[in-house]
Amino acid sequence: MSLRCAVFALAAAFACPTAFGQALMQNFSWPEMRQALESEGSTIIAEGADGDIRYFDAKSEDNLNFTVFGFECDTNEPTQRCSGALLAASLTPKDDDALAKGLDAIDSLSVDDRTSPRKNIRLTRYIIFGGGIAAGNLQETFRSS
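Attention here is on the structure that accompanies the text. Just so it is clear, the structure is predicted and the values come from calculations on it, not from any experiment. (Residues numbered from 1 in each chain as written. Predicted model: local features only at pLDDT ≥ 70, side-chain atom pairs only at ≥ 80, totals over all residues. Heavy atoms only, no water.)

### Structural notes on the overall build of the protein
Scanning the protein for helices and strands turns up four helices and nine strands. Listed N to C, the secondary structure of the protein is α-β-β-α-β-β-β-β-α-β-β-β-α in terms of helices and strands. Residues counted as buried form 39% of the 145 residues belonging to the protein. In the protein, the share of contacts with a sequence separation of at least 24, taken over all contacts with a separation of at least 6, comes to 56%. By element, 49% of the accessible surface of the protein is carried by carbon and sulfur atoms, the whole surface being about 8300 Å². (Helix = DSSP H or I, 4+ residues; strand = E, 2+ residues; numbered from the N terminus. Buried < 20%, exposed > 50% of the residue type's maximum accessible area, 1.4 Å probe, protein only. Contact = heavy atoms within 4.5 Å. Areas by Shrake-Rupley, 256 points an atom, 1.4 Å probe, with all protein chains shown as cover.)

Structure (structure tokens):
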């Protein structure tokens, strides 16, 4: 369940209302995303691109692995900016009963949870920066989790 909490915390960070005085980000750069993740104790364990989609593989302080993918990105490297981010994580339950219980325990409209063909629980959340989000929301959400 710690993985679910980590994904929910990361997802909720981008959904929180703007704190007073913070500028809204209409998109993000990969250095900004790296800084946000590392400032809350996550470690980037890999980064790269799969076609046009860039990503970070990260590990939380609790050793939970997750990935951040960038979508709707411009093509100017190394200052590429993206207006969408997909957060993804998966859990491997010990058996089919644990798989069913895990899926039943997830109760969030903002996070898509489903069984993968490998019988993993896959959690995803797509974040749209279009209206702007505050960079500080990520840190505040992790601190309160």
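### A word on helix H2 (residues 30-39)
For H2, the complete set of buried residues consists of Trp30, Met33, Ala36 and Leu37. When H2 is viewed along its axis, its buried side chains cluster within an angular range of 125 degrees and face the same direction. Facing away from the buried side of H2 by over 90 degrees, the exposed positions are Pro31 and Gln35. Positioned one or two residues after H2, Gly41 has a phi angle of 95 degrees, which is positive. (Arc of directions from axis to C-beta.)

### Overview of the side chain of Gln80
The residue Gln80 is located in the loop between strand S5 (65-73) and strand S6 (81-91) in this model. Side chain to side chain, Gln80 and Trp30 meet in a polar contact 3.4 Å long. Reaching out from Gln80, the side chain makes a polar contact with the backbone oxygen of Asp74 at a distance of 3.0 Å. Those residues in contact with Gln80 that lie beyond four places of it in its chain are Phe28, Ser29, Trp30, Arg54, Cys73 and Asp74. (Polar contact = N/O pair within 3.5 Å; in protein donor to acceptor, adjacent residues only side chain to side chain.)

### Here's the deal with the packing of aromatic side chains
When we look at a pair of aromatic rings, we describe it by the centre distance and by the angle of the planes. Across all of its chains, the model carries five aromatic pairs by this definition. A centroid spacing of 5.5 Å and a plane angle of 75 degrees characterise the contact between Phe28 and Trp30, whose relative ring orientation is edge-to-face. Trp30 gets classed as buried once you look at its relative accessible area, which sits at 3%. Here Trp30 and Phe56 contribute two aromatic rings whose centre-to-centre distance is 4.9 Å and whose plane-to-plane angle is 80 degrees, an arrangement assigned as edge-to-face. Taken together, the residues span a long stretch of sequence, with Trp30 in helix H2 and Phe56 in strand S4 (residues 53-59) at a distance of 26 residues. Phe56 sits in the buried class, given a relative accessible area of 1%. Within the aromatic cluster, the residues linked to one another by ring pairs are Phe28, Trp30, Phe56 and Phe129. (Phe/Tyr/Trp six-rings, centres within 6.5 Å; stacked < 30°, edge-to-face > 60°.)

### Section: the nonpolar core
If you look at the biggest cluster of nonpolar residues, it comprises 17 residues, and the most contacted ones within it are Phe28, Met33, Leu37, Val68, Ala85 and Phe129. Secondary structure elements with two or more residues in this core: H2, S4, S5 and S6. When residues in this core are grouped by element, the largest group, four residues, is from S6. Listed in part, the five residues of the second largest apolar core include Leu99, Val111, Ile121 and Leu123. (Core = buried A, V, L, I, M, F, W, Y, C linked by side-chain atoms within 4.5 Å.)

### A few points about the pairing of S6
As defined by bridge partners, strand S2 (residues 28-29) adjoins S6 across two bridges and the pair is classed as antiparallel. What sits directly across from Phe28, in S6, is Cys82. Bridge count for S5 against S6 is six bridges, and the pairing is antiparallel. Bridged to Cys73 within S6 is Cys82. As defined by bridge partners, S6 adjoins strand S8 (residues 121-128) across eight bridges and the pair is classed as antiparallel. When the sheet's bridge partners are listed, Ala88 is paired in S8 with Thr124. (Pairing = 2+ DSSP bridges.)

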